[in-house]
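# Chain and residue survey
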Amino acid sequence: MQDNLVSIITPIYNGEQFMSQTIESVLRQTYPHWEMLIVNDGSNDRSESIARQYAAEDSRIRVLTQANAGSAAARNNGIRTAKGRYMALLDADDLWEDDFLESQLKFMRENKAEVVCGAHRRIDESGNEILKPFYPPERATYKDLLKTNSISCLTGLYDSALHGKVYLHEEFGSLRDDHIYWLEIVKQAGVVYGNQKIVGSYRMSKESVTYNKKKLIVPQYKVYREVEKMSILKSLYYLSHWAWNGFKKYTHGWN
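I will try to describe carefully the structure that is included in this document. Treat the numbers as computed from the prediction; the structure is a model and nothing was measured.

What counts and what doesn't
- Along each chain, the written sequence defines residue order, and numbers are assigned to residues from 1.
- In keeping with the model being predicted, local features are shown solely for residues with a pLDDT of at least 70 and side-chain atom pairs are shown and tallied solely at 80 or more, while totals for entire chains, interfaces and linings include all residues.
- Working from all heavy atoms in the structure, the side-chain values ignore hydrogens and water.
- Each helix corresponds to a stretch of at least 4 residues labelled H or I by DSSP, and each strand to a stretch of at least 2 residues labelled E; elements are numbered beginning at the N terminus.
- Note that the radius of gyration is over C-alpha atoms, with the globule rule given as 2.2 Å times the number of residues to the power 0.38.
- Each residue is placed in one exposure class: buried if its accessible area under a 1.4 Å probe, protein chains only, is under 20% of its type's maximum, exposed if it is over 50%, and partly exposed if it falls in between.
- Whether two residues touch is decided by their heavy atoms; if any such pair falls within 4.5 Å, the residues are in contact.
- Throughout, the Shrake-Rupley method with a 1.4 Å probe supplies accessible areas, and for residues the shown protein chains are the sole cover considered.
- Lys and Arg are tallied as positive, Asp and Glu as negative. Neither His nor the chain termini are counted.
- To locate a charge, take NZ of a lysine, CZ of an arginine, CG of an aspartate or CD of a glutamate.
- Multiplying 1.5 Å by the residue count of a helix minus one yields the expected span of that helix.
- Pairing between two strands is assigned when DSSP locates at least 2 bridges connecting them.
- Orient the strands so they point away from the viewer; a crossover is then right-handed if the path from the first strand over the helix to the second runs clockwise.
- Salt bridges are defined as contacts in which a side-chain nitrogen from Lys or Arg sits within 4 Å of a carboxyl oxygen from Asp or Glu.

## Some thoughts on the overall build of the protein
- In terms of regular secondary structure, the protein is built from eight helices and ten strands.
- In terms of C-alpha radius of gyration, the protein reaches 17 Å, essentially the compact-globule figure of 18 Å for 255 residues.
- Going through the 255 residues of the protein one by one, you find that 54% of them count as buried.
- Within the protein, contacts between residues separated by at least 24 positions form 80% of all contacts whose residues are at least 6 apart in sequence.
- With an accessible surface of roughly 11,600 Å², the protein has 50% of that area assigned to carbon and sulfur atoms.
- Taken as two groups, the 33 positive and 32 negative side-chain charges of the protein have centres that lie 7 Å from each other.

## Describing unusual backbone geometry
- For N14, which is not glycine, the phi torsion reads 50° and is therefore positive.
- The residue N14 is located in the loop between β1 (2–12) and α1 (19–27) in this model.
- On the basis of relative accessible area, N14 is assigned to the partly exposed category, the value being 30%.
- One non-glycine residue with positive phi stands out, namely K229, at about 60°.
- Tracing the chain through its elements places K229 in the loop between α7 (213–227) and α8 (232–251).

## Observations regarding helix α6 (residues 177–189)
- If you check α6, its first and last C-alpha atoms are 19 Å apart, about what 13 residues at 1.5 Å a residue would give, namely 18 Å.
- The set of residues buried in α6 consists of D177, H179, I180, Y181, W182, L183, I185 and V186.
- G190 sits one or two positions beyond α6 and adopts a positive phi of about 95°.

## Some points on the pairing of β1
- Among the eleven residues of β1, eight are classified as buried, and the element is accordingly described as predominantly covered.
- The pairing of β1 with strand β4 (residues 84–89) spans five bridges and is classified as parallel. Along β4, the bridge assignment pairs I9 with L89.
- Two strands pair when backbone bridges link them, and β1 and strand β2 (residues 34–41) are joined in this way by seven bridges, in the parallel orientation. Its bridge partner lying in β2, V6 is registered against W34.
- Taken together, β1, α1 and β2 form a β-α-β motif whose crossover is right-handed.

## Considering the pattern of salt bridges
- Inspection of every chain in the model, using the stated rule, returns twelve salt bridges.
- The residue R85 makes a salt bridge to D3 at a minimum N-O spacing of 3.9 Å. With a gap of 82 residues between them, R85 in strand β4 and D3 in strand β1 connect regions that are remote in the sequence.
- Look at D3 and you get exposed, because its relative accessible area is 52%.
- Note that E97 and R121 form a salt bridge whose closest N and O atoms lie 2.8 Å from each other. Separated by 24 residues along the polypeptide, E97 in the loop between β5 (95–96) and α4 (100–110) and R121 in strand β6 (residues 115–123) bring together distant segments of the chain.
- Take R121: its relative accessible area is 25%, and that puts it in the partly exposed class.

Here you go:
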């Protein structure tokens with residue numbers, strides 16, 4: 001583990017359309033001590049060749065390749081290889097502000113925090129804002145995250161020094177694996193602090209899984225029952241909160 005190093009884990013599956021923008025946003029970081037582990041999850045487009053072009057120009061970027069196994073497996077592949085103390089998950093179509101790392105590390109130190117997140121814009125495939133920016137709560141506990149995942153992957157930063165690396169549940173494939181990841185981290189840390197500064201841009205569309213909450217109801221219920229080992233009544237209680245909060249999060253505030 002390198003104390004001042006941030007490991008950025010980026011899974012890619014047929015992500016050639018936006019990945020250059022994502023990588024460029026990392027290259028522009030004002031904080032220079034990072035490594036970017038790009039994990040090609042069996043893409044059949046130009047994703048890997050684009051990633052390797054960037055890796056050839058900057059040694060902080062490394063490319064891993066695996067057969068298609070889903071985002072959770074790809075992220076775990078990167079986490080296993082990571083050398084940094086700090087862990088960040090950045091998807092191949094999202095963007096960071098130039099001072100993302102500098103701002104989040106400073107915010108982490110100021111709050112003596114183990115895990116932090118931040119505010120972000122929500123953009124469409126053309127980069128236009130489609131919702132008002134999302135602002136996380138200033139602090140949230142494990143129980144708060146059971147009701148709604150206020151940690152967006154692109155803004156989360158985790159200090160692994162105290163509890164070590166945390167891995168994603170691959171049995172969930174690419175559905176709810178990130179929610180379980182942050183639940184486990186916050187359960188260990190006790191609290192996540194939310195930076196109210198906008199530190200990134202989350203790319204989304206009305207056709208994305210995030211919008212289609214019906215597809216997520218069963219996987220989310222399984223999070224409570226199979227991972228968190230809750231009773232049926234308790235699972236339904238938290239599921240109802242999750243559904244309502246998700247409705248407010250993704251339908252309120254359209255520009």
